[in-house]
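Topology and contacts: notes
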Amino acid sequence: MKKYILLCATLCATSLLQAQINFKIKLIDGLQELPVKNFPVQLKDLKSSALFKAISNNEGIAIFTDLPSTGKYMTFTEDNQSYFPLDETVIINRNNQSATLYLAPLKSSRLDE
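Residues numbered from 1 in each chain as written. Predicted model: local features only at pLDDT ≥ 70, side-chain atom pairs only at ≥ 80, totals over all residues. Heavy atoms only, no water.

Some remarks on the nonpolar core
In this structure, Phe23, Ile25, Leu27, Leu43, Phe64, Leu67 and Ile92 are the most contacted members of the largest nonpolar core, which totals 21 residues. Contributing elements (two or more residues each) for this core: β1 (21-29), β2 (40-45), β3 (51-55), β4 (61-67), β6 (87-92) and β7 (98-103). Ranked by residue count, the leading element in this core is β1, at four residues. Discounting chain neighbours no more than four positions away, the residues touching Phe64 are Ile21, Asn22, Phe23, Ile25, Val41, Gln42, Leu43, Phe52, Lys53 and Ala54. (Core = buried A, V, L, I, M, F, W, Y, C linked by side-chain atoms within 4.5 Å. Buried < 20%, exposed > 50% of the residue type's maximum accessible area, 1.4 Å probe, protein only. Helix = DSSP H or I, 4+ residues; strand = E, 2+ residues; numbered from the N terminus. Contact = heavy atoms within 4.5 Å.)

Written as structure tokens, this is what we have:
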């Protein structure tokens with residue numbers, strides 16, 4: 001019986017260690033404080049260098065599913081015509097599965113509004 005319990009405990013611990021993580025990033029326009037829709041964002045695992053991509057939905061939320069592990073990730077936005085590129089480190093763990101990023105408008109005319 002002890003061997004059976006030990007085997008079950010080992011299998012449960014192994015599955016928890018290999019559990020994949022979902023992570024959400026909310027993109028907000030830094031001046032208007034509105035969600036940024038249909039905007040590409042990337043996560044790079046700083047340990048393995050794996051790259052993950054998502055596009056924000058109508059609520060400005062980019063959802064990354066099945067990230068292989070917790071740890072440090074770098075968030076990236078690509079060069080575009082609307083916002084300055086952004087890179088920021090986030091730490092993803094079981095208690096931290098979302099982040100909010102504020103994007104700065106690129107065009108100076110929007111800064112003068």
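Examining the sheet that holds β3
Spatial ordering of the open sheet is given by β3-β2-β5-β6, a layout of four strands whose pairing is antiparallel. The open sheet terminates on both sides in strands that have one partner only, identified here as β3 and β6. On average, adjacent strands in this sheet sit at an angle of 25° to one another, irrespective of strand direction. Pairing geometry for β2 and β3, over five bridges, is antiparallel. Looking across to β3, one finds that Lys44 is bridged to Leu51. (Pairing = 2+ DSSP bridges. Axes fitted to C-alpha atoms, helices over the stretch in contact; angles between N-to-C directions.)

Focus: the side chain of Asp29
By the secondary structure assignment, Asp29 is in strand β1. Side-chain polar atoms of Asp29 contact the side chain of Tyr83, separated by 2.7 Å. (Polar contact = N/O pair within 3.5 Å; in protein donor to acceptor, adjacent residues only side chain to side chain.)

So, the sheet that holds β1
Within the open sheet, the three strands sit side by side as β4-β1-β7. Their pairing is mixed. Unpaired on one side and paired on the other, β4 and β7 mark the two borders of the sheet. On average, each strand axis in the sheet is tilted by 20° relative to the strand beside it, whichever way the strands run. As paired strands, β1 and β7 are joined by six bridges and run parallel to one another. Residue pairing across strands places Leu27 opposite Leu101, the latter belonging to β7.

A few points about unusual backbone geometry
Leaving glycine out, the prevailing phi sign among residues is negative, and the prevailing peptide bond configuration is trans. Of note in this structure, Glu33 is not a glycine but carries a positive phi near 55°. Assignment of secondary structure puts Glu33 in the loop between β1 and β2. According to the relative accessible area criterion, Glu33 is exposed, its value standing at 60%. Here the phi dihedral of Ser49 falls at roughly 70°; this positive angle occurs in a residue that is not glycine. Position of Ser49 relative to the elements: it lies in the loop between β2 and β3. Judged by relative accessible area, which is 47%, Ser49 ranks as partly exposed.

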